[in-house]
Amino acid sequence: MAEWERVRLGEVITLDVDAVPVAATTSYDIVGVLNRGRGLLFRDPIAGDETSYKTLNRIRPEQIVYSRLKAFEGAITVTPNDLGEVYASQEFPTFTCGERILPEYVRLFTTTKRLWEQLQALSTGMGGRRERVKPADFLTIEVALPSLPEQRRIVDVMAAVDGQVEALGEELHRSLSLRVALFLSSADLQEVVVEHVANVSQGKALPKSVQGERSGELSWFKIADMVGRGNEDGYTYAETRLSPEQVESLKGIAVPAGSVVFPRVGAAVLTEKKRILDVDAAVDENHLVLTPKEGVPPECLLAATESIRLAELVQPGAVPSLNMGLIRSARIPWPAESGTDLNDTLARLRATTRALRGELLHIRTFRSALLASLINQETEISESYDALLKGAC
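About the thresholds
Residues numbered from 1 in each chain as written. Predicted model: local features only at pLDDT ≥ 70, side-chain atom pairs only at ≥ 80, totals over all residues. Heavy atoms only, no water. Pairing = 2+ DSSP bridges. Helix = DSSP H or I, 4+ residues; strand = E, 2+ residues; numbered from the N terminus. Contact = heavy atoms within 4.5 Å. Axes fitted to C-alpha atoms, helices over the stretch in contact; angles between N-to-C directions. Buried < 20%, exposed > 50% of the residue type's maximum accessible area, 1.4 Å probe, protein only. 1 Å grid on protein atoms, 1.4 Å probe; cavity = no way out; pocket = protein on both sides within 12 Å on 5 of 7 lines; lining within 4 Å. Points joined across faces, edges and corners; volume = space filled by probe spheres on them. Nonpolar A, V, L, I, M, F, W, Y, C, P; charged D, E, K, R; others polar. Salt bridge = Lys/Arg side-chain N within 4 Å of Asp/Glu carboxyl O. Phe/Tyr/Trp six-rings, centres within 6.5 Å; stacked < 30°, edge-to-face > 60°.

Colleague: Which residues make up the sheet that holds strand 15 (residues 198-202), and what values do they have?
Modeller: Within the open sheet, the 4 strands sit side by side as 15-21-18-19. Their pairing is antiparallel. Edge positions in the open sheet fall to strand 15 and strand 19 (275-276), since each of these has one partner strand only. Bridging between strand 15 and strand 21 (residues 287-292) involves 5 bridges; their strand directions are antiparallel. Within strand 21, the residue paired with Ser201 across the bridge is Val289. Contacts between helix 6 (residues 298-306) and the sheet are confined to strand 15, strand 18 (260-263), strand 19 and strand 21, with strand 18 contributing the most and set at about 25° to the helix.

Colleague: Explain unusual backbone geometry to me, using residue names and the numbers behind them.
Modeller: For Arg36, which is not glycine, the phi dihedral falls at a positive 55°. Counting through the fold element by element, Arg36 comes out in the loop between strand 5 (31-33) and strand 6 (40-42). Assessed through its relative accessible area of 43%, Arg36 is described here as partly exposed. In this structure, Glu272 is a non-glycine residue whose phi angle is positive, near 60°. Topologically, Glu272 is positioned in the loop between strand 18 and strand 19.

Colleague: Residue-level account of the layout of surface pockets, with values.
Modeller: Space left empty within the atom packing is revealed by a probe, the size of a water molecule, rolled over the atoms. Estimates place the volume of the largest pocket at around 1300 Å³. Elements that contribute at least two residues to the lining of the largest pocket include exactly helix 1 (103-109), helix 2 (113-122), helix 4 (148-184) and helix 8 (340-375). Per-element tally for the lining of the largest pocket: the top contributor is helix 8, with 12 residues. When the residues that make up the lining of the largest pocket are grouped by side-chain class, the tally is 13 nonpolar, 11 polar and 14 charged. Lining the second largest pocket are 16 residues, and of these Leu176, Arg179, Lys274, Arg275 and Glu306 sit closest to its centre. The set of elements that each furnish at least two residues to the lining of the second largest pocket consists of helix 4, strand 19, helix 6 and helix 8. Per element, the largest residue contribution to the lining of the second largest pocket is 4 residues, and it comes from helix 4. Here the lining of the second largest pocket is composed, by residue class, of 4 nonpolar, 2 polar and 10 charged.

Colleague: Help me get a handle on the pattern of salt bridges, residues and values and all.
Modeller: Throughout the structure, instances matching the rule amount to 20 salt bridges. The residue Arg6 makes a salt bridge to Glu142 at a minimum N-O spacing of 3.6 Å. Separated by 136 residues along the polypeptide, Arg6 in strand 1 (residues 4-8) and Glu142 in strand 13 (residues 142-146) bring together distant segments of the chain. Across the pair Glu85 and Arg58 runs a salt bridge whose closest N-O atoms are separated by 3.8 Å.

Colleague: Requested: an account of the side chain of Thr77, with residues and values cited.
Modeller: With respect to the secondary-structure elements, Thr77 resides in strand 10 (residues 76-78). Residue classification places Thr77 among the buried residues on the basis of a relative accessible area of 4%.

Colleague: Please provide a residue-by-residue account of empty space enclosed by the protein, values included.
Modeller: Scanning all chains against the criterion turns up 4 cavities of 30 Å³ or more. Each pocket or cavity is described by its volume, and for the largest cavity that value is around 90 Å³. Lining the largest cavity are Leu9, Ile13, Ile64, Ile76, Ile101, Tyr105, Val106, Phe109, Thr110, Leu115, Phe138 and Val143. Top contributing element to the lining of the largest cavity by residue count: helix 1, with 3 residues. Split by residue class, the lining of the largest cavity holds 11 nonpolar, 1 polar and no charged.

Colleague: Before we move on, could you go through the packing of aromatic side chains and cite the residues and values that matter?
Modeller: Applying the stated criterion to the full structure yields 5 aromatic pairs. With 3.9 Å between their ring centres and 0° between their planes, Phe221 and Tyr235 make a pair best called stacked. On the criterion of sequence distance, the pair formed by Phe221 in strand 16 (residues 218-221) and Tyr235 in the loop between strand 16 and strand 17 (240-242) is long-range, its members being 14 residues apart. For Tyr235, a relative accessible area of 0% gives the class buried. Cluster of aromatic residues (ring-pair linked, three or more members): Tyr66, Phe95 and Phe138.

So this is what it looks like as C-alpha cells:
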C-alpha cells in the first residue's frame, strides 16, 4: 500500500486572506459557501456605497474557503480553477495549498462526513449561539495525507465517477423536461378550466398525536413528504401510515390513486411541486387535490398541471395561497381527443424518470462509500483501476 503520513492542515496549507478595501463606486460579486461541501453560493452583487463592510475578502481560484459561522454544517469548499473575480465578507477566511497537497484532493476531502464532524467539534454551542471556527483552530485538524502521485490517482478515479454522476443527472433532467414538452407538443391541445376535467378538494389535517405512526398501510401525506425519498416522481408512501379505519375515525379522507396534488399555502406553493398519487392515500390540509373525472387520463392531468405556474395564480397577501375556487377556474391545456395513447406514453416516461432517479441515488451512494474508503486507506488503487470503476455502473 502507498505510504501515507499523518499531518495537521497547518503543515500543508496556509492562511492566505486578500482583504480589499471597499470602494463606494465599485460593485462586488458576492459568494457564500453551501453546506455539506457543495461548493460556492453565488449571491447578488452589492454596491460599495450600499454596504457597511469596510473590507471584503477576495476569493481566488483553487483556494480553500469556509464559513466561520456555518462551518459546523460543513460549509467548506475549494474554489474552481476558473473562478472569476468574486468577494465574501470577513466571515469567509481563505487558504492556499502548499506543494504537498493538491487543491483537487482537498476539494474531495471537503465533501466527506469526517471533515464535517471535525468542523462541528471545533464549533461549540447550539444553534445561533455556536462559536465561530477560527482559522487557527481549523489548521489544527489532522488528516491522513498520501503522496502526491496517490492523491492524483484518487482525484482521477473520483473524477471518472463524478463524470458518470453528471451524465446520469443530465439524463434525468432531460427525462423530466421531455414529459411536459411531449404533452404540450400534442397537436390537438385546447384550453379548458380545471373543473371541466377534475374535481377539486382540500386535504384534512393530520392530528399531531398520530404523526409518524406506522400502524397500517394507508399513507397520510404531509407537504414535507413531497421531497421524501421515493416521492419525487409520484406519491408512494408517507412517514405516517394508518389503517383505513383509523383514517376514517380521524376524519381523514382517502384520495384515489391517479389524483394530482400540490401545496395550497405558504412558500411551498412557490416551489411549483406537483405530485400524482400512485396509491390510494390521505393528504393533509396543506394540499389541494385534483381528482380526475371519469374517463380523464390521470397522467395527462399531471402533465397539464405541471405545465402551469402556481405562482401566477396565488392570491395577493403576505402569505402565498391558493383556494379551491381559484383552481377550479384556472385554465389548463388539454387534449381534444381521449388522450389514452398519450397517457400511456407519459406514464412510461414517468417510470423512466423514477428509474433514472434510483440509478442516480445508487451511484451517489457508491461515490460516497468509495471516497470514504480511499481517504480512510481502506481501498488501494491498483496500477490499473478499470475494475474498480466498474462498481459505479
